[in-house]
Amino acid sequence: MKAPAESRPSSFEAIFAAYAVVATFALGYGYWRLATRQNEQDARIEQQRQEQQAAVTRLQREADDKRATDDLEIQVISLASPHLSKLRESGRQAATSQRIVSAAAELLSSKGRPALAQMAEKIRVETAPITRSGTRTAVEEPVASMSPPGAWLVLLATLPGEDLKLAEEVATEKLRAAKDLGTVSTVSIYKTRLKGRYVVVLGDPVGRSAALVAAAEARRNKLSADAFAEPDGGWELIGTAPFRTETRSASSN
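Below is a short write-up of the structure. (Residues numbered from 1 in each chain as written. Predicted model: local features only at pLDDT ≥ 70, side-chain atom pairs only at ≥ 80, totals over all residues. Heavy atoms only, no water.)

## Here's the deal with helix H2 (residues 92-110)
Then step 1. Taking 1.5 Å of rise per residue, the 19 residues of H2 would be expected to cover 27 Å, and the 27 Å separating its terminal C-alpha atoms lies within 8% of that figure.
Then step 2. Turning to H2, its buried residues are Ala94, Ser97, Val101, Ala104, Ala105 and Leu108. Buried residues along H2 cover an arc of 100° about the axis, so they all sit on one side. With respect to the buried face of H2, the exposed residues turned more than 90 degrees away are Arg92, Arg99, Glu106 and Ser110.
Then step 3. Two residues or fewer past H2, Gly112 is found with a positive phi of approximately 80°. (Helix = DSSP H or I, 4+ residues; strand = E, 2+ residues; numbered from the N terminus. Expected span 1.5 Å × (residues − 1). Buried < 20%, exposed > 50% of the residue type's maximum accessible area, 1.4 Å probe, protein only. Arc of directions from axis to C-beta.)

## What to know about the sheet that holds strand E1 (residues 152-159)
Backbone hydrogen bonds hold the strands of a sheet together, and the pairing may be parallel or antiparallel.
Then step 1. Strands sit in the order E4-E1-E3-E2-E5 across an open sheet of five strands; the sheet is antiparallel. For this open sheet the edge positions go to strand E4 (228-231) and strand E5 (236-240), each flanked by a neighbour on one side alone. Geometrically, the sheet is characterised by an average inter-axis angle of 45° between neighbouring strands, direction not taken into account.
Then step 2. As paired strands, E1 and E4 are joined by four bridges and run antiparallel to one another. Within E4, the residue paired with Val154 across the bridge is Ala229.
Then step 3. Relative to the sheet, helix H5 (residues 208-220) contacts E1, strand E3 (198-206) and E4, its axis offset from that of E1 by approximately 40°. (Pairing = 2+ DSSP bridges. Axes fitted to C-alpha atoms, helices over the stretch in contact; angles between N-to-C directions. Contact = heavy atoms within 4.5 Å.)

## Description of the packing of aromatic side chains
Then step 1. Summed over the entire model, instances satisfying the criterion amount to one aromatic pair.
Then step 2. Relative to Trp32, the ring of Tyr29 has its centre 5.8 Å away and its plane inclined at 35°; by these criteria the two rings are tilted. One end of the pair is Tyr29 and the other is Trp32, both in helix H1 (residues 11-84) and three residues apart, which spans about a single turn.
Then step 3. Residue classification places Tyr29 among the partly exposed positions, given a relative accessible area of 46%.
Then step 4. Its relative accessible area of 48% is what places Trp32 among the partly exposed residues.
Then step 5. The ring of Trp152 has Arg208 sitting right over it, with the charged end atom 5.8 Å from the ring centre. (Phe/Tyr/Trp six-rings, centres within 6.5 Å; stacked < 30°, edge-to-face > 60°. Lys NZ or Arg CZ within 6 Å of the ring centre and 35° of its normal.)

## Details of the packing of H2 against helix H3 (residues 115-125)
Then step 1. Remark: H2 packs on H3, axes separated minimally by 8 Å, with the N-to-C direction vectors making an angle of 145°. Contacts between H2 and H3 involve Gln98, Val101, Ser102, Ala104, Ala105, Leu108 and Ser109 from the former and Leu116, Ala117, Ala120 and Arg124 from the latter.
Then step 2. Residue composition of the contact of H2 with H3, grouped by class: seven nonpolar, three polar and one charged. (Nonpolar A, V, L, I, M, F, W, Y, C, P; charged D, E, K, R; others polar.)

## Let's talk about the pattern of salt bridges
Then step 1. In total, this model carries nine salt bridges according to the counting rule given.
Then step 2. One salt bridge in this structure joins Arg113 and Asp70, with 2.8 Å as the shortest N-O distance. Note that Arg113 is positioned in the loop between H2 and H3 and Asp70 in helix H1, a separation of 43 residues in sequence.
Then step 3. Overall, Arg113 belongs to the buried group, its relative accessible area being 17%.
Then step 4. Asp70 gets classed as buried once you look at its relative accessible area, which sits at 14%.
Then step 5. Salt-bridge contacts for Glu73 lead to Arg113; the nearest nitrogen and oxygen are separated by 2.5 Å. Pair noted here: Glu73 is in helix H1 and Arg113 is in the loop between H2 and H3, with a separation of 40 residues, a long-range link.
Then step 6. A single salt-bridge network, built from bridges that share partners, covers Lys66, Asp70, Glu73, Arg113 and Arg208. (Salt bridge = Lys/Arg side-chain N within 4 Å of Asp/Glu carboxyl O.)

## Details of the packing of H1 against H2
Then step 1. Contact pair H1 / H2: the axes reach a minimum separation of 9 Å and the direction vectors enclose 160°. Between H1 and H2, the angle is such that the two are roughly antiparallel. Crossing angle aside, the handedness with which H1 passes H2 is left-handed. On H2, the residues that touch Leu72, Glu73, Val76, Ile77, Ala80, His83 and Leu84 of H1 are Ser97, Ile100, Val101, Ala104, Leu107 and Leu108. (Parallel < 35°, antiparallel > 145°, perpendicular 65-115°, else oblique. Left-handed = near helix turned anticlockwise from the far one by under 90°.)

This is the structure:
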């Protein structure tokens with residue numbers, strides 16, 4: 001006896017079942033590939049994050065090391081600056097000061113900061129103050145000059161930008177005081193860019209460390225109680241002391 005026709009699968013049903021099997025496999029394979037790519041992408045993102053974190057940590061450590069070296073330099077310069085004026089003297093006290101400066105300069109040089117050693121050597125070489133051939137009899141015309149990039153200046157005074165005569169008087173007085181102290185240097189007038197003020201500057205533009213040393217020395221010698229070092233912002237050099245100054249008095253008719 002033959003089975004009913006309904007119990008035997010037709011060819012269409014067999015093809016549909018095979019297609020369903022293939023489709024299920026393809027869908028599963030697609031999900032597997034998608035998950036694999038996602039995992040690979042997550043791994044790359046994590047690796048990049050770790051590399052960026054390591055770079056940030058390295059930069060932070062370098063910044064901390066530089067900040068620590070800057071603090072050490074300022075402290076050592078502050079301790080050594082009172083002894084710089086005795087480098088050209090003789091005697092037991094002068095010898096002690098020379099050893100202190102040499103030790104401080106050697107310490108800073110080992111940290112990559114040779115400015116104190118260079119300044120100490122310059123002071124030893126300059127054994128006598130520079131004498132000028134004569135006093136200026138006329139005020140020179142201001143000469144526009146710019147400092148080299150990265151230079152620092154030692155400011156002795158800040159004055160209004162509308163009173164050049166006052167700035168010249170202060171600069172000439174500071175130069176006279178520096179000569180009385182035996183300081184071998186120049187005193188100049190600059191004009192700032194942002195606020196247009198006149199500033200009285202000790203010496204020439206120098207590096208940061210040398211400017212810190214010179215400012216500390218100026219304060220210690222009471223050349224200016226507020227002397228400080230500041231980066232040169234492209235200021236204009238107006239002139240160099242001494243200037244011809246006139247005594248200010250009230251005029252009457």
